[in-house]
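# Tertiary structure, described
Residues per chain, in single letters:
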Amino acid sequence: MRDLMAGMAYLGKGQRWVARNRRQWGFGLLPGLVTLVGYAVAVVCLALYADDAVAWATPFADDWASPWSGLFRGALTGLLFGGGLLLALISFTAVTLLVGQPFYEELSARVDRSVGGEAPESGLPLWRELWISARESLAVLVRVAAWGVLFFALGFVPFAGQTVVPAAGFCVSGFFLAEELTAVALQRRGVSLRERLRLLRSRKLLTLGFGVPLALLFLVPVVAVFVMPGAVAGATLLVRDLMGEEAPAEAEAEAEAEPETVGDGALT
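Predicted model, so just to flag it, every value in this text is computed and none were measured.

### Description of the overall build of the protein
Broken down by element type, the protein carries 10 helices and 0 strands. Traced from its N-terminal end to its C-terminal end, the protein shows the element sequence α-α-α-α-α-α-α-α-α-α. Counting every position in the protein, which comprises 268 residues, the buried fraction comes to 41%. Considering only contacts within the protein whose residues lie at least 6 apart along the sequence, 80% involve residues at least 24 apart.

Shown next, in the form of structure tokens:
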């Protein structure tokens, strides 16, 4: 239980860090806002043209007697729109982190420097980091989709499908959300996806304590935009714990007492 509470505490510490370093919070908002606008445009287009897309894809239903053609296409339109929204919710964090890779890496490095005096660097060029991030984010999304299919099937099990399965689903979502956020700091340390997953599994309660509350908050993308910078900061502090890089108490106290020493500069 101590790890569970510690994970929740890191979430709060990250939000406090960006509250003290407001310029970093402002820069950290930009990727989320850009992604949110893009997703909003995509959802509006889906809502406007989903029925036309379904009609185009089902020409065989043109000659069906009323009301079967309308009911069939209406159901498919609902499934298409619902599936699009689900995909948007699942992928929003990964896409935001990919779009904001340079911003969040710099924010994470500043958190490292504020509590530890140094920030590990991968030494890779930006294009290489973006390629690795995109490839590993896709691998995570495939894992999440597989779990989603499993939980969807288990949802039809009486009682368990309405109680145990949703709770387990939030735990899995929280775990993978924590993985995506800690990846910002762990990639700078040269830790691969396979090793990251192993590391997070070794402290499951710590990971879930951080990720599950975020999974609940991130159900609303607008909330995710404003929470994301603090989530990246908190994930960096969590990574320092996982890697045994906890800052000395004096350093943490200094960071608390002198917030303006970190965050005055612009991201580069």
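That shown, we press on.
### Some remarks on helix α5 (residues 126–154)
Look at α5: 42 Å from first C-alpha to last across 29 residues, which is about the 42 Å you get at 1.5 Å a residue. Of the positions making up α5, those classed as buried are E129, I132, S133, E136, S137, V140 and F151.

### Notes on the packing of aromatic side chains
Counted by the stated rule, this structure contains 6 aromatic pairs. Judged by centre distance (6.0 Å) and plane angle (55°), the rings of F60 and W64 are tilted. You can call F60 partly exposed: its relative accessible area is 48%. A relative accessible area of 37% means that W64 is categorised as partly exposed. Seen from their ring centres, F60 and F72 are 6.0 Å apart, and the 55° between their planes marks the pair as tilted. With F60 in the loop between α2 (22–57) and α3 (68–99) and F72 in helix α3, the pair connects residues that are 12 residues apart, well separated along the chain. Taking the relative accessible area as the measure of exposure, F72 reaches 28% and is therefore partly exposed. Put simply, the rings of F60, W64 and F72 touch in pairs and so form one group of aromatic residues.

### Some thoughts on the nonpolar core
Core analysis: the biggest nonpolar cluster contains 47 residues, and L97, L181, F210, L214, F218, M228 and V232 have the highest contact counts within it. With 12 residues, helix α9 (residues 221–242) is the single largest residue contributor to this core. When residues no more than four places from it in sequence are discounted, the contact partners of L181 are L97, F210, L214, M228, A231, V232 and A235.

### Section: the side chain of R240
Residue placement: R240 occurs in helix α9. According to the relative accessible area criterion, R240 is buried, its value standing at 8%. Only 2.8 Å separates the side chain of R240 from the side chain of D112, close enough to count as a polar contact.

The rules behind these values
- Residues numbered from 1 in each chain as written.
- Predicted model: local features only at pLDDT ≥ 70, side-chain atom pairs only at ≥ 80, totals over all residues.
- Heavy atoms only, no water.
- Helix = DSSP H or I, 4+ residues; strand = E, 2+ residues; numbered from the N terminus.
- Buried < 20%, exposed > 50% of the residue type's maximum accessible area, 1.4 Å probe, protein only.
- Contact = heavy atoms within 4.5 Å.
- Expected span 1.5 Å × (residues − 1).
- Phe/Tyr/Trp six-rings, centres within 6.5 Å; stacked < 30°, edge-to-face > 60°.
- Core = buried A, V, L, I, M, F, W, Y, C linked by side-chain atoms within 4.5 Å.
- Polar contact = N/O pair within 3.5 Å; in protein donor to acceptor, adjacent residues only side chain to side chain.

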